[in-house]
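# Geometric and topological summary
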Amino acid sequence: MKLLLNVLKRIHKPAVYSSQPRCRSSSARSGLLPLRDEALIVGSNPELVQRLGPQVEAIHGYRETERVMWGERCEEVLSRVRSGAFPEGSPLLGPVHILDLDKTGYIKPHIDSVKFCGSTIAGLSLLSDSIMRLMKEDDAEEWLDLLLPRFSLYILRDQARYNFTHQILKDEESVFNGQRVPRLRRISVICRNLPS
Ligand code: OGA
Ligand code: MN
(Lines give C-alpha, C1' and ligand atoms only; values in the text may rest on other atoms or scores of the structure.)
(Ligands and ions follow the chains in the order given, each with its own letter.)
Protein backbone atom coordinates (compact mmCIF):
# COMPACT_ATOMS: atom_id res chain seq x y z
CA MET A 1 0.00 0.00 0.00
CA LYS A 2 3.07 2.25 0.22
CA LEU A 3 2.71 2.23 -3.53
CA LEU A 4 -0.43 4.30 -3.41
CA LEU A 5 1.28 7.00 -1.39
CA ASN A 6 4.18 7.11 -3.75
CA VAL A 7 1.80 7.53 -6.61
CA LEU A 8 -0.36 10.12 -4.94
CA LYS A 9 2.32 12.36 -3.64
CA ARG A 10 5.39 14.28 -4.45
CA ILE A 11 7.87 11.92 -2.93
CA HIS A 12 11.57 12.06 -3.60
CA LYS A 13 13.26 9.41 -1.58
CA PRO A 14 16.81 10.23 -0.59
CA ALA A 15 19.46 7.57 -1.01
CA VAL A 16 19.22 6.78 2.66
CA TYR A 17 16.19 7.47 4.75
CA SER A 18 15.73 6.15 8.22
CA SER A 19 12.12 5.97 9.27
CA GLN A 20 13.00 6.65 12.86
CA PRO A 21 11.00 9.67 13.92
CA ARG A 22 12.95 12.54 15.40
CA CYS A 23 11.68 15.08 17.86
CA ARG A 24 10.86 18.44 16.38
CA SER A 25 12.64 21.56 17.46
CA SER A 26 10.58 24.06 19.39
CA SER A 27 10.71 26.47 16.46
CA ALA A 28 9.18 23.85 14.22
CA ARG A 29 6.59 23.15 16.87
CA SER A 30 5.61 26.79 16.89
CA GLY A 31 4.92 26.49 13.18
CA LEU A 32 7.40 29.18 12.24
CA LEU A 33 9.93 27.08 10.38
CA PRO A 34 9.51 24.36 7.82
CA LEU A 35 9.95 20.97 9.29
CA ARG A 36 13.14 19.27 8.23
CA ASP A 37 14.65 15.98 9.13
CA GLU A 38 18.23 16.67 8.14
CA ALA A 39 19.38 14.02 10.58
CA LEU A 40 17.39 11.43 8.66
CA ILE A 41 18.45 12.38 5.17
CA VAL A 42 21.75 12.05 3.38
CA GLY A 43 22.33 12.80 -0.28
CA SER A 44 24.88 13.29 -3.03
CA ASN A 45 25.67 16.79 -1.78
CA PRO A 46 24.63 19.04 1.08
CA GLU A 47 23.01 21.59 -1.23
CA LEU A 48 20.68 18.94 -2.60
CA VAL A 49 19.76 17.74 0.87
CA GLN A 50 19.06 21.34 1.82
CA ARG A 51 16.99 22.03 -1.30
CA LEU A 52 15.10 18.74 -1.55
CA GLY A 53 14.80 18.06 2.16
CA PRO A 54 11.64 20.12 2.63
CA GLN A 55 10.06 18.38 -0.35
CA VAL A 56 10.40 14.97 1.17
CA GLU A 57 7.46 13.74 3.10
CA ALA A 58 6.76 10.80 5.25
CA ILE A 59 3.82 9.44 7.08
CA HIS A 60 4.65 7.64 10.29
CA GLY A 61 2.52 4.97 11.93
CA TYR A 62 -0.15 4.33 9.35
CA ARG A 63 -1.79 1.88 7.05
CA GLU A 64 -3.89 2.73 4.05
CA THR A 65 -6.04 1.40 1.31
CA GLU A 66 -8.25 2.67 -1.48
CA ARG A 67 -11.76 1.71 -2.39
CA VAL A 68 -13.96 2.17 -5.43
CA MET A 69 -17.11 0.31 -4.36
CA TRP A 70 -18.97 1.37 -1.22
CA GLY A 71 -22.15 0.23 0.49
CA GLU A 72 -25.31 2.27 0.15
CA ARG A 73 -24.96 4.23 3.42
CA CYS A 74 -21.35 5.15 2.74
CA GLU A 75 -22.10 6.04 -0.86
CA GLU A 76 -24.74 8.43 0.40
CA VAL A 77 -22.22 10.20 2.62
CA LEU A 78 -19.60 10.26 -0.12
CA SER A 79 -21.97 11.77 -2.61
CA ARG A 80 -22.76 14.57 -0.14
CA VAL A 81 -19.04 15.15 0.27
CA ARG A 82 -18.54 15.18 -3.48
CA SER A 83 -21.39 17.54 -4.22
CA GLY A 84 -20.25 19.93 -1.49
CA ALA A 85 -16.56 19.85 -2.23
CA PHE A 86 -15.96 19.66 -5.95
CA PRO A 87 -16.84 21.99 -8.77
CA GLU A 88 -19.76 20.65 -10.74
CA GLY A 89 -18.72 18.25 -13.48
CA SER A 90 -15.17 18.02 -12.19
CA PRO A 91 -13.89 14.50 -12.90
CA LEU A 92 -12.91 12.74 -9.70
CA LEU A 93 -10.16 10.30 -8.90
CA GLY A 94 -12.08 7.00 -8.93
CA PRO A 95 -10.82 5.31 -5.79
CA VAL A 96 -11.37 6.93 -2.41
CA HIS A 97 -8.27 6.92 -0.20
CA ILE A 98 -8.51 5.67 3.37
CA LEU A 99 -5.70 6.43 5.77
CA ASP A 100 -5.53 4.87 9.22
CA LEU A 101 -3.10 6.73 11.49
CA ASP A 102 -2.05 5.06 14.70
CA LYS A 103 -2.21 7.14 17.89
CA THR A 104 1.52 7.64 17.50
CA GLY A 105 1.21 8.31 13.77
CA TYR A 106 1.38 11.65 12.01
CA ILE A 107 1.64 13.13 8.55
CA LYS A 108 4.57 15.36 7.75
CA PRO A 109 4.23 18.48 5.60
CA HIS A 110 3.67 17.79 1.93
CA ILE A 111 1.74 18.91 -1.11
CA ASP A 112 -0.22 16.23 -2.93
CA SER A 113 1.20 15.51 -6.38
CA VAL A 114 -0.19 17.82 -9.05
CA LYS A 115 0.27 14.98 -11.50
CA PHE A 116 -2.34 12.79 -9.89
CA CYS A 117 -4.58 15.15 -7.98
CA GLY A 118 -6.50 18.23 -9.14
CA SER A 119 -7.51 21.47 -7.46
CA THR A 120 -9.49 20.01 -4.56
CA ILE A 121 -8.91 17.56 -1.72
CA ALA A 122 -11.79 16.70 0.62
CA GLY A 123 -11.30 14.61 3.75
CA LEU A 124 -13.53 13.22 6.45
CA SER A 125 -11.87 12.76 9.83
CA LEU A 126 -13.08 9.81 11.87
CA LEU A 127 -12.36 8.47 15.38
CA SER A 128 -10.24 11.37 16.59
CA ASP A 129 -10.02 15.14 16.55
CA SER A 130 -6.82 16.37 14.97
CA ILE A 131 -5.02 19.46 13.82
CA MET A 132 -4.08 20.08 10.23
CA ARG A 133 -1.37 22.66 9.77
CA LEU A 134 -1.02 24.52 6.48
CA MET A 135 2.29 26.28 5.80
CA LYS A 136 3.12 28.43 2.79
CA GLU A 137 5.55 26.43 0.72
CA ASP A 138 8.05 29.26 0.31
CA ASP A 139 7.35 31.22 3.49
CA ALA A 140 7.03 29.26 6.69
CA GLU A 141 5.95 32.39 8.55
CA GLU A 142 2.57 32.08 6.86
CA TRP A 143 0.61 29.27 8.42
CA LEU A 144 -2.88 28.24 9.42
CA ASP A 145 -3.94 25.61 11.91
CA LEU A 146 -7.26 23.89 11.26
CA LEU A 147 -9.02 22.07 14.04
CA LEU A 148 -10.54 18.94 12.51
CA PRO A 149 -13.06 17.53 14.98
CA ARG A 150 -13.92 13.89 14.41
CA PHE A 151 -16.76 13.50 11.92
CA SER A 152 -15.82 16.79 10.28
CA LEU A 153 -15.06 17.40 6.63
CA TYR A 154 -12.20 19.58 5.47
CA ILE A 155 -11.73 20.85 1.94
CA LEU A 156 -8.43 22.13 0.56
CA ARG A 157 -8.76 24.10 -2.65
CA ASP A 158 -6.69 26.24 -4.95
CA GLN A 159 -3.97 28.12 -3.04
CA ALA A 160 -4.47 26.08 0.11
CA ARG A 161 -4.01 22.97 -1.97
CA TYR A 162 -1.21 24.11 -4.30
CA ASN A 163 0.85 26.68 -2.38
CA PHE A 164 0.65 25.46 1.18
CA THR A 165 1.92 22.20 2.61
CA HIS A 166 -0.47 20.31 4.84
CA GLN A 167 0.33 18.02 7.73
CA ILE A 168 -1.45 16.26 10.59
CA LEU A 169 0.23 16.98 13.90
CA LYS A 170 1.39 14.22 16.17
CA ASP A 171 -0.28 13.82 19.52
CA GLU A 172 2.49 15.54 21.50
CA GLU A 173 2.19 18.64 19.33
CA SER A 174 -1.55 18.68 19.02
CA VAL A 175 -2.40 22.06 20.57
CA PHE A 176 -4.93 24.36 18.93
CA ASN A 177 -4.94 27.98 19.91
CA GLY A 178 -3.45 27.11 23.30
CA GLN A 179 -5.86 24.23 23.86
CA ARG A 180 -4.65 20.66 23.94
CA VAL A 181 -6.39 18.40 21.40
CA PRO A 182 -5.59 14.76 22.17
CA ARG A 183 -4.80 12.86 18.98
CA LEU A 184 -5.95 9.25 19.12
CA ARG A 185 -6.05 6.73 16.32
CA ARG A 186 -7.53 8.58 13.36
CA ILE A 187 -9.04 7.35 10.13
CA SER A 188 -9.46 9.71 7.23
CA VAL A 189 -11.46 9.18 4.07
CA ILE A 190 -10.12 11.38 1.30
CA CYS A 191 -11.69 12.27 -2.04
CA ARG A 192 -9.71 14.04 -4.76
CA ASN A 193 -10.45 15.31 -8.21
CA LEU A 194 -8.32 14.73 -11.26
CA PRO A 195 -5.92 17.32 -12.64
CA SER A 196 -7.46 19.20 -15.55
C1 OGA B 1 -2.69 12.57 2.42
C2 OGA B 1 -3.13 13.50 3.47
C3 OGA B 1 -4.68 13.99 5.22
C4 OGA B 1 -5.67 13.30 6.08
O5 OGA B 1 -2.95 11.38 2.54
O6 OGA B 1 -2.12 13.06 1.44
O7 OGA B 1 -2.67 14.60 3.49
O8 OGA B 1 -6.67 13.94 6.40
N9 OGA B 1 -4.06 13.08 4.35
O10 OGA B 1 -5.44 12.15 6.44
MN1 MN C 1 -2.02 15.16 1.46
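For the structure itself, look to the data block above.
Note that the structure is a prediction, hence the values are computed from the model and not measured.

### As for the nonpolar core
Counting 14 residues, the largest nonpolar core has I107, M132, Y154, L156 and I168 as its most contacted members. Those elements that provide at least two residues to this core are β4 (96-110), β6 (130-136), β8 (153-157) and β9 (164-168). Ranked by residues supplied to this core, first place goes to β4 with three residues. If sequence neighbours within four positions are ignored, I168 has contacts with L101, Y106, I107, S130, I131, M132, L148, R183 and R186.

### Remarks on the pairing of strand β12 (residues 186-192)
Most of β12 is tucked away, with seven of its seven residues classed as buried. Burial along β12 is two-sided: the residues R186, S188, I190 and R192 and I187, V189 and C191 are all buried. In the sheet, β4 pairs with β12 via five bridges, with the strands oriented antiparallel. Counterpart to D100 in the pairing with β12 is I187. Pairing of strand β5 (residues 120-126) with β12, which is carried by six bridges, proceeds in the antiparallel orientation. Within β12, the position partnered with G123 by the bridge is I190.

### A closer look at the pairing of β4
Most of β4 is tucked away: twelve of the 15 residues are buried. Across eight bridges, the pairing between strand β3 (residues 59-67) and β4 is antiparallel. Bridge pairing links T65 to I98 in β4. Where β4 lies against β9, two bridges are found, and the strand directions are antiparallel.

### Describing the side chain of R186
Looking at the secondary structure, you find R186 in strand β12. Buried charged residue R186 carries no salt bridge. Nearest counter-charge: D129, at 8.6 Å. A distance of 3.0 Å separates polar atoms of two side chains, one belonging to R186 and the other to S125. Setting aside chain neighbours within four positions, we find R186 in contact with L99, D100, L101, S125, L126, L127, S128, S130, L148, Y154 and I168.

What counts, and where the lines are drawn
- Residues numbered from 1 in each chain as written.
- Chains lettered and ligands numbered in written order.
- Predicted model: local features only at pLDDT ≥ 70, side-chain atom pairs only at ≥ 80, totals over all residues.
- Heavy atoms only, no water.
- Core = buried A, V, L, I, M, F, W, Y, C linked by side-chain atoms within 4.5 Å.
- Buried < 20%, exposed > 50% of the residue type's maximum accessible area, 1.4 Å probe, protein only.
- Helix = DSSP H or I, 4+ residues; strand = E, 2+ residues; numbered from the N terminus.
- Contact = heavy atoms within 4.5 Å.
- Pairing = 2+ DSSP bridges.
- Lys, Arg positive; Asp, Glu negative; His and termini not counted.
- Salt bridge = Lys/Arg side-chain N within 4 Å of Asp/Glu carboxyl O.
- Polar contact = N/O pair within 3.5 Å; in protein donor to acceptor, adjacent residues only side chain to side chain.

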